[in-house]
Amino acid sequence: MSKYHRLDSKTLQTLRDIANKLRIHSIESTNASNSGHPTSCCSAAEIMSVLFFHTMHYTIAEPRHPNNDRFVLSKGHAAPILYAAWAETGLFPASELLELRKLTSDLEGHPTPRLNFVDVATGSLGQGLSCSAGMAYTGKYFDKADYRVYCLIGDGESAEGSIWEAMAFASYYKLDNLVAIFDINRLGQSEPTMLEHDLNTYKARVEAFGWNTYVVDGHDVETLCKTFWDASHVKGKPTCILAKTYKGQGIPGVADAENWHGKPLGKDAPAAIKAIREQIAHLGPHNVIPQQPKVTLAPVNVSVKLASPPSYKLGETVATRLAYGTALVKIGKNNDRVIAMDGDTKNSTFAQKFKDAFPDRFIECFIAEQNLVGVGIGCATRNRTIPFISTFAAFFTRAFDQIRMGAISQTNANFVGSHAGISIGEDGPSQMALEDIALFRSVPGSTVFYPSDAVSTERAVELAANTKGICFIRTSRPNVPVIYKNDEVFTVGQAKIVRQSPNDQVTVIGSCVTLYEALKAAETLAGSGVNIRVIDPFTIKPLDATTIITSAVETGGKIITVEDHYGEGGIGEAVAGALSEYPGITIRRLFVPEIPRSGQSAELMEKYGISASCIVKAVEGILSV
């Protein structure tokens, strides 16, 4: 290992000066907005100074260039000091910092990728390390590059379980290009943190998770410089720097005092700035240029196609979850940046097929769904990979916060949830996703696919890979017949009419298992002279309102929706919302009305009112009105 060269006194003083300038910027900007977290910024000032002006390799002109080191501010409420650091690099004028939190400014209360130097949105605490781990995994195993990932974590947020899920993941995969810095300033929002300044306990916990660990004075720039250098030479382990700091450091009467969280200094600001300025040896420009990246990475091809078209026989029965695995392998053959990850359910979601084909592009995240989602979002940053993230659809509810933050992060991650609804059978309600459509429909900018057979599932996977924003593909456990020809064309937001006649009296809308129940009901009703139109929406969001409205008009304004989902937020409410402004249309909704129980798939669908016989009764009922 090369020998560390101690920095000269002038360089060290420059880093101290920059840290204090960052403090002043943070105080001034939060005062200008009359809101924010200046004391949380002040505890991290030396850490930020050393990282941005000594340790990290990056280009100022292109902050999100793939060659650059990554920095994630997990304690997102300290955003003003992140903005101040970039202003001090010269990326934008420091005067813009005074626009903090204003409607017209992208310098928001917590960081978002509206800013060209932010990869993932933070502020919902405990999530930054998972995203950082995804970035580090991508750098080490996919890009095979030398960029490093730094994540600044608040001690308060270290109470979040997702932090420790990420700690376990990073250690398991030997992410030696990842450095987590715990800013241990002792104080939370409403009272001191659990461990306060008990650095020994922090150290024991972090080392128990397999991390190379340093305990340092977080306000000592010389120690920080050497520690980051030491970390860069550690192989086979991620590094955690436990930095003892003080909230409000540098502000007389405020440092290490309670009840200053989230409060601008107000009338106390001038005195605080004066005291901090007195510690600065050189008030002029610092003229520090960040170190430049050494490796140039090529842009990633983000265009994805199936390597071969679907190849099924009409009428053969195939579970859509199995078709997902088949399609994933096909797009993986055509694009080596397609990756997959799962939470120890790969033999049920059929992500196993991708692992078998491309073991180097599969990430097992084990039973830690919050980290699973965060890692996927991290992998997707800077368009370095096209991730598909799978587990039982019910378990994505555990990571809803990570998913909604993914939307704020402008991620292009794809989520695939299997074992949807009561049709899974005997496993019972804890395994039955009955809220998942509602969850993903509520996410801004999302696309929600609910394919009904193997052909449409393969095309949903292909479309999702090429669709911006969060995509969700709902797959099912039971085998269902193939109803589409292999050359059928599918489009986001375009439904399919799978059964119709000139004299249809009711339109019935269902997906996958309930679509087939609707087709069975259509056969039964036809025997008594009643024809119904059956629609497969394909995407629940966006919903093809045009096709549905046209069919409603042609069937006397009568619509029945039937879904293997609770009534709230599912297909029925999507249809009702789309048709809310159209008079003369009656909608009857069939759905799972209560928490179900274990049983066989068919008997459960009958018991909870979404079977073919229940659809027949609903059609007869709506026609009798």
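Labelled according to an unreviewed UniProt entry, the protein appears under the name Transketolase, originating from Candidula unifasciata. If you open the UniProt record of the protein and go to Sequence similarities (unreviewed entry), you find "Belongs to the transketolase family." UniProt annotates the protein under Subunit (unreviewed entry) with the comment "Homodimer."

Draft legend 1. Quick look at the side chain of Lys247. For Lys247, the location among the structural elements is in the loop between β5 (239–244) and α9 (269–277). At 2.7 Å, the side chain of Lys247 forms a polar contact with the side chain of His261. In this structure Lys247 touches Thr39, Ser40, Ser43, Asn185, Leu187, Gly188, Val254, Ala255, Asp256 and His261, once residues within four positions along its chain are discounted.

Draft legend 2. Examining the environment of Thr514 more closely. Relative to the assigned elements, Thr514 resides in helix α17 (residues 513–526). A sequence separation of 261 residues divides Thr514 from Gly253, and the C-alpha atoms of the two residues are 66 Å apart. Those residues within four positions of Thr514 in sequence are excluded, and the remaining contacts are Val562, Glu563, Asp564, Met605, Ile610 and Ile615. From its side chain, Thr514 meets the backbone oxygen of Val562 in a polar contact 2.9 Å long.

Draft legend 3. Structural detail: the pairing of strand β10 (residues 414–418). Of all 5 residues in β10, 5 are buried, a share of seventy percent or more. In β10, alternate side chains face the same way, and those of Asn414, Val416 and Ser418 on one face and Phe415 and Gly417 on the other are all buried. In terms of strand pairing, strand β9 (residues 386–392) meets β10 through 5 bridges, oriented parallel. Bridge pairing links Phe388 to Asn414 in β10. Pairing of β10 with strand β12 (residues 471–474), which is carried by 4 bridges, proceeds in the parallel orientation. Of the residues in β12, the one forming a bridge with Val416 is Ile473.

Draft legend 4. Up close: the pairing of strand β16 (residues 532–536). Across the 5 residues of β16, 5 count as buried, placing the element largely inside the fold. Here β16 shows no split at all, with Ile532, Val534 and Asp536 on one side and Arg533 and Ile535 on the other all buried. As paired elements, strand β14 (residues 496–499) and β16 share 3 bridges and run antiparallel to each other. Each bridged residue has a counterpart across the sheet, and for Ile497 the counterpart in β16 is Ile535. Pairing geometry for strand β15 (residues 506–510) and β16, over 4 bridges, is parallel. In the strand pairing of β16, Thr507 is matched with Arg533.

Draft legend 5. A look at the UniProt feature "domain: Transketolase-like pyrimidine-binding" (unreviewed entry) in the protein. UniProt tags residues 318–482 as "domain: Transketolase-like pyrimidine-binding" (unreviewed entry). Annotated as residues 318–482, this span is 39% helix and 19% strand, and its ends, taken at the C-alpha atoms, are 7 Å apart.

Draft legend 6. Layout of the packing of aromatic side chains. In total, this model carries 29 aromatic pairs according to the counting rule given. Ring geometry for Phe449 against Phe538: centres 5.7 Å apart, planes inclined by 75°, an arrangement best described as edge-to-face. Note that Phe449 is positioned in strand β11 (residues 447–449) and Phe538 in the loop between β16 and β17 (539–541), a separation of 89 residues in sequence. Among the residues examined, Phe449 registers a relative accessible area of 0% and is labelled buried. Under the relative-accessibility criterion, Phe538 is labelled buried at 0%. Positioned above the aromatic ring of Phe490, the side-chain terminus of Lys496 is 4.9 Å from the ring centre.

Calculation criteria
- Starting afresh in each chain, residues are numbered from 1 along the sequence in its written order.
- Residue-level local features of this predicted model are given only where pLDDT is at least 70; pairs of side-chain atoms are given and counted only at 80 or more, and the full residue set underlies all totals for whole chains, interfaces and linings.
- The basis for every side-chain value is the complete set of non-hydrogen atoms in the structure, without hydrogens or water.
- UniProt positions are given in the numbering used here, feature names are shortened, and annotations may be inferred rather than shown by experiment.
- Numbering of helices and strands runs from the N terminus; a helix is a DSSP stretch of H or I covering at least four residues, while a strand is a stretch of E covering at least two.
- Counted as a polar contact is a pair of N or O atoms within 3.5 Å, where, for protein atoms, one must be capable of donating a hydrogen and the other of accepting one, and residues adjacent in sequence contribute only when both atoms are in side chains.
- Contact criterion: two residues are considered in contact whenever any of their non-hydrogen atoms come within 4.5 Å of each other.
- Note on exposure labels: buried denotes an accessible area under 20% of the residue type's maximum, exposed denotes more than 50%, and partly exposed covers the range between, all computed with a 1.4 Å probe on protein chains only.
- If DSSP finds at least two bridges between two strands, the strands pair.
- We call Phe, Tyr and Trp rings a pair once their centres come within 6.5 Å, taking the six-membered ring for Trp, and we label the pair stacked below 30 degrees between planes, edge-to-face above 60, and tilted otherwise.
- Only when the NZ atom of a Lys or the CZ atom of an Arg is both within 6 Å of the ring centre and within 35 degrees of the ring normal do we say a charge sits over the ring.

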